[in-house]
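Structural description and commentary
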Amino acid sequence: MKFTKKLTLLMSMFLLLIVGCTQKIAKTSNLRNNYPNVLNVKGIPQHYTDREKYCFSDLGSWHGFGLPDSANYYGAFTGPFMIPYSVWQSKSLAKLTLLNADGQILDLASCKNPEINYYPGVLNQTFVVDSITVSMNLFFISNRTATVNVDIKNNSNKNIKLYKSWNGEALYNKSKLTESNNGVNLTFPGNSFYTKVNFNNKVTTVISSDSSSYTCKSNNPFYVDKGASNSFWFLQSFYFNADEELADALVIEDFAKNTNQYINENSNRWNKYLSDINVETSEFSNLAVKALITLTNNWRSLAGALLNEGVFPSYAYTGFHGFWSWDSWKHSVALVNFAPELAKNQIRAMFDYQDKHGMIADCIFRDTTYEAVNWRDTKPPLASWAVLEVFNKTSDTAFVTQMLPKLQKYHSWWYQNRDNDGNGLCEYGSTDGTRVAAAWESGMDNAVRFDEAIMVENNSQAWSLNQESVDLNCYLYAEKNQLAQLLTIVGKTEEAHNYIKQAEQLKADIQNIFYDDSTGFFYDVNISSKKQIIVQGPEGWIPLWTGVATQQQAQRVANIIMDTTKFNTFVPLPTLAKDHNKFNPRNGYWRGPVWLDQAYFAVKGLRKYGFNSEANLLTAKLINNAEGLAHSDAPIRENYHPVTGQGLNANHFSWSAAHYLMLLEE
């Protein structure tokens, strides 16, 4: 019952948010109509594991929907797509059919010019048939339920009487359709989760003998006067258990009483999102919108072991259905521009998994226990950066107060568990002594700089790679300054001064130890030999992003960044210099592809040292040369081929979207 109470509280808070948001932003213009189909969600899934079709979701829902691209499915929204299991439950679970008083079907497929559009925050289908306009809008009213609002306009000079009917079928052969009050349920034997369709009408339901399809007919006619309009709605929900349905019932009850308020709130909220990311003044407004809806489509609400809402790396790739720590920090920096509470909760979600020593788990998932999450490694320390960026946009000192002791504990953890020789310079490592987990901890899983590394033991629960990493120590330098700023915000100036002193010493060490004057670049250093590991990758420009480098060092690094034989490629800033013999963009993952987080760090670092024309050139190439990015409805990719521009690996990737928003903000 604790879970039920928690969900009930969340739903109640959501209703308060709707009221407050509607009142606050009621004057927002309808910007979203300017951005139809920025991402393609059209298509009928051909099988339940179809990975070529994509969907729209909102409010942290765990199910999504698409639009039909075939006249046979007009009047239906494709899906739902069951996100936690990467399964299309149906080609269309609730296809609407309208019949006139004589029982003749109003044939939506006969409409010659249908309007079928994905606007930010809503899917729309509009048809004109036999002097009748049918407009259907699907949007989410909670993190568990989507509504389909249907508006019928009678353009004739006669009153009309219509009858409503729905039909659908399951794609997944193990799922079963059963009759429920005013609708149907789609269940999965042996599991507690289910999908529910509520037609908000007394209906007569017929389920097929194998429980794979159904037809529902409304028992009452639907009238529309001449020259007038009338509307109705039906719902599609996904629940992990019955307690969630019980909590969601509060939202549904309120929606039934205040339908227009929910319609207005959806429009206002999304128009405010668009206004907050400055689409009206952006040269690349379509890209900004694409990045925004990529993040919101990956938004997941609390469920199971996820105690706060946050953003998946990609709903479209099964392996990314969780929260990763350094992804979360990056997401939050972008999210705070339009969804500040989500940005805060994304950070909180990871700190829900901070252990007693201060370590943050690498990644967490809905269906794992506290003990079963990935404690083998953490990720680079960017959490203080995220919290400071959230404060800079929100002025929320209570959030800073909440997070500060957790951030300080995490910062100290690095020096207690990842400084093998105690010299104040840290290494990436793991809790289980494995080299693979240590490389994961860097975030650059198979980076060439780690090819010759071996593990050294620090204590019974901590091992390090035998090299001090320049990016890690730059992040820790930046974090000392960020912690100082956060401490100053809450009035703890003496503690802040101590971090500033530590940062000054660390800055000098990085400048002197990790920089190679003969090549003009920064490198990792072997613990024992003190020799630099001469591999040129993004770690070498992190000293610019964090402000560690001297102006002269920054100039030398900028020269290498702008070298067309190294990093100034067609899509610039690959994760390994182009002239390295292990450069392998197509299959290399962190051995050549362009990752947008590292590209952003380079561009931001160049600007910090006054190289604005270089930063502008690289930004333009990152936007214009990445395949399908700025001028099509293709998804934002996990990474890009630096030579061809081809999109690589996962589709609909959140941190790429986040950093494109940051680049556009610059």
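Read on for a plain summary of the structure. Along each chain, residue indices are assigned from 1 in the same order as the chain's sequence is written. Note on the predicted model: pLDDT of at least 70 is required for a residue's local features to be given, and 80 or more for side-chain atom pairs to be given and counted; whole-chain, interface and lining totals, by contrast, use all residues. Water and hydrogen atoms play no part in the side-chain values, which are based on all heavy atoms of the structure.

**Observations regarding the overall build of the protein**
Applicable threshold: Going along the chain from the N terminus, every DSSP run of H or I of four or more residues is numbered as a helix, and every run of E of two or more is numbered as a strand. We compute the radius of gyration over the C-alpha atoms and compare it with the globule rule, which gives 2.2 Å times the number of residues raised to the power 0.38. Partly exposed residues are those whose accessible area sits between 20% and 50% of the maximum for their type, while under 20% is buried and over 50% is exposed, using a 1.4 Å probe and protein chains only. Any pair of residues with heavy atoms lying within 4.5 Å of one another is described as a contacting pair. Charge counting follows a simple rule: Lys and Arg are positive, Asp and Glu are negative, and His as well as the terminal groups are ignored. Throughout, a charge is located at the NZ atom of Lys, the CZ atom of Arg, the CG atom of Asp or the CD atom of Glu.
Looking only at helices and strands, the protein features 16 helices and 29 strands. The C-alpha atoms of the protein give 27 Å as radius of gyration, which agrees with the globular expectation for 666 residues (26 Å, within 12%). With respect to the principal axes defined by its C-alpha atoms, the protein has extents near 90 × 50 × 45 Å. By the burial criterion, 61% of the 666 residues in the protein qualify as buried. Counting only contacts in the protein whose residues sit at least 6 apart along the sequence, the fraction spanning at least 24 positions is 65%. Taken together, the 58 basic and 63 acidic charged side chains of the protein have centroids lying 5 Å from each other.

**Describing the environment of Trp-595**
Residue placement: Trp-595 occurs in the loop between α13 (551-561) and α14 (596-608). A residue is classified by how much of its surface remains accessible, and Trp-595, at 2% relative accessible area, is buried. Sequence spacing of Trp-595 and Ala-437 is 158 residues, and the spatial spacing of their C-alpha atoms is 20 Å. Leaving out residues up to four positions away in the same chain, Trp-595 has contacts with Thr-575, Tyr-589, Trp-590, Glu-638, Asn-639, Phe-653 and Trp-655.

**What about the sheet that holds strand β16 (residues 229-239)?**
Two modes of strand pairing occur in sheets, parallel and antiparallel, and in both the strands are linked by backbone hydrogen bonds. Worth spelling out the cut-off: Any two strands between which DSSP finds at least two bridges are classified as paired. Every axis corresponds to a line fitted to the C-alpha atoms, with the helix fit spanning only the stretch in contact, and the corresponding angles, defined between N-to-C directions, vary from 0 to 180 degrees.
On the basis of which strands lie adjacent, the open sheet formed by 8 strands has the order β5-β6-β7-β8-β16-β12-β11-β10 and antiparallel pairing. Each having just a single partner strand, β5 (115-119) and β10 (176-180) make up the two edges of the open sheet. On average, each strand axis in the sheet is inclined to that of its neighbour by 15°, with strand direction left out of account. The strands touched by helix α2 (residues 242-257) are β8 (145-154), β12 (194-198) and β16; relative to β16, the strand with the most contacts, the crossing angle is about 165°.

**Regarding the sheet that holds strand β23 (residues 462-465)**
Spatially, β21-β23-β22 is the arrangement adopted by the 3 strands of the open sheet, whose pairing is antiparallel. The two strands at the open ends of the sheet, each matched to only one other strand, are β21 (429-430) and β22 (455-459). Note: β21 against β23, 2 bridges, orientation antiparallel. Paired with Ser-430 across the bridge in β23 is Trp-463.

**Section: the pairing of strand β13 (residues 203-207)**
Bridge analysis of β13 against strand β14 (residues 213-218) gives 5 bridges, and the strand direction is antiparallel. Looking across to β14, one finds that Thr-205 is bridged to Cys-216. From the end of β13 to the start of β14, which pair antiparallel, there are 5 residues, and Ser-211 there has a positive phi angle of about 60°.

**Considering the pattern of salt bridges**
Here the idea is simple: oppositely charged side chains can pair when their charged atoms come close. This is how the line gets drawn: Here a salt bridge means any side-chain nitrogen of Lys or Arg lying within 4 Å of a carboxyl oxygen belonging to Asp or Glu.
Using the criterion set out here, one finds 25 salt bridges in the structure. The salt bridge partner of Arg-269 is Asp-58, with a shortest N-O separation of 2.6 Å. Of this pair, Arg-269 sits in helix α3 (residues 259-276) while Asp-58 sits in the loop between α1 (2-24) and β1 (63-66); the two residues are 211 residues apart in sequence, bridging distant segments of the chain. On the basis of relative accessible area, Arg-269 is assigned to the buried category, the value being 6%.

**Some words on the environment of Ser-656**
Applied cut-off: Within 3.5 Å is the distance limit for a polar contact, defined as a pair of N or O atoms, with the added protein rule that one can donate a hydrogen and the other accept it, and that residues adjacent in sequence qualify only through two side-chain atoms.
As for its placement among the helices and strands, Ser-656 is situated in helix α16 (residues 654-665). Note: C-alpha distance between Ser-656 and Ile-636 (20 residues apart in sequence) is 6.9 Å. Setting aside chain neighbours within four positions, we find Ser-656 in contact with Leu-596, Ile-636, Arg-637 and Glu-638. A polar contact is formed between the side chain of Ser-656 and the backbone oxygen of Arg-637, at a distance of 2.8 Å.

**So, the pairing of strand β2 (residues 78-82)**
Working note: regular strand, side chains alternate between the two faces of the sheet. Most of β2 is tucked away: 5 of the 5 residues are buried. Relative to β2, β1 is paired through 3 bridges, and the arrangement is antiparallel. The residue of β2 that forms the bridge with Gly-64 is Phe-81. Relative to strand β3 (residues 87-88), β2 runs antiparallel, the two sharing 2 bridges. For Phe-81, the partnering residue across the bridge sits in β3 and is Trp-88.

**A word on the packing of helix α4 (residues 285-297) against α16**
Stated precisely, the cut-off is as follows: By convention, the crossing between two helices is left-handed when the near helix turns anticlockwise from the far helix through less than a right angle, and right-handed when the turn is clockwise. Under the grouping applied here, Gly and all other residues not named as nonpolar or charged are polar, the nonpolar ones being Ala, Val, Leu, Ile, Met, Phe, Trp, Tyr, Cys and Pro and the charged ones Asp, Glu, Lys and Arg.
Two numbers describe how α4 lies on α16: the axes approach to 8 Å, and their chain directions differ by 145°. The handedness of the crossing between α4 and α16 is left-handed. The segment α4 lies against α16, with Leu-287, Ala-288, Ala-291, Leu-292, Thr-294 and Leu-295 engaging Ser-654, Ala-657, Ala-658, Tyr-660, Leu-661 and Leu-664. A class-by-class count of the residues in the contact of α4 with α16 yields 10 nonpolar, 2 polar and no charged.

**With respect to α3**
Cut-off, in case you're wondering: Working rule for helices: expected span equals 1.5 Å times residues minus one.
When the terminal C-alpha atoms of α3 are compared, their 26 Å separation across 18 residues agrees well with the 26 Å that a helix rising 1.5 Å per residue should span. Positive backbone phi, at 60°, marks Asn-278, one or two positions downstream of α3.

**Focus on the side chain of Lys-196**
By secondary structure assignment, the location of Lys-196 is in strand β12. Residue contacts for Lys-196: discarding those within four places in its chain leaves Ser-180, Val-184, Asn-185, Leu-235, Gln-236, Ser-237, Tyr-239 and Glu-245.

**Let's talk about the nonpolar core**
The test is simple: Buried Ala, Val, Leu, Ile, Met, Phe, Trp, Tyr and Cys residues that are joined via side-chain atoms within 4.5 Å together make up what is termed a nonpolar core.
Core analysis: the biggest nonpolar cluster contains 198 residues, and Ile-152, Trp-166, Trp-329, Leu-573, Leu-622 and Tyr-660 have the highest contact counts within it. When residues in this core are grouped by element, the largest group, 10 residues, is from helix α10 (residues 470-489). Val-122, Tyr-194, Ile-252 and Phe-255 belong to the second-largest nonpolar core, a separate cluster that totals 12 residues.

**Let's talk about the environment of Asp-130**
Looking at where Asp-130 falls in the secondary structure, it is placed in the loop between β6 (122-129) and β7 (132-140). Sequence-wise, Asp-130 and Gly-610 are 480 residues apart; in three dimensions their C-alpha atoms are separated by 64 Å.

**Points about the packing of helix α8 (residues 397-417) against α10**
Between α8 and α10, the shortest axis-to-axis distance is 10 Å and the interhelical angle comes to 145°. Crossing of α8 over α10 shows left-handed handedness. Of α10, the residues touching α8 (which contributes Thr-397, Val-400, Leu-404, Leu-407, Gln-408, His-411, Trp-414 and Tyr-415) are Leu-472, Leu-476, Glu-479, Lys-480, Leu-483, Leu-486, Leu-487 and Ile-489. Here the contact of α8 with α10 is built from residues that sort into 11 nonpolar, 3 polar and 2 charged.

**Remarks on the packing of aromatic side chains**
The condition is simple: Stacked, edge-to-face and tilted are the three classes for Phe, Tyr and Trp ring pairs, Trp counted by its six-membered ring, which pair at centre distances within 6.5 Å; planes under 30 degrees apart are stacked, over 60 edge-to-face, the rest tilted.
Using the criterion set out here, one finds 54 aromatic pairs in the structure. Taking 4.9 Å as the distance between ring centres and 55° as the angle between the ring planes, the aromatic pair formed by Phe-81 and Trp-88 counts as tilted. Exposure remark for Phe-81: the relative accessible area of 5% places this residue in the buried category. A residue is classified by how much of its surface remains accessible, and Trp-88, at 0% relative accessible area, is buried. Between Trp-541 and Phe-567 the ring centres are 5.0 Å apart and the planes differ by 80°, which places this aromatic pair in the edge-to-face class. With Trp-541 in the loop between β27 (525-526) and α12 (542-545) and Phe-567 in the loop between α13 and α14, this pair connects stretches of sequence that are 26 residues apart.

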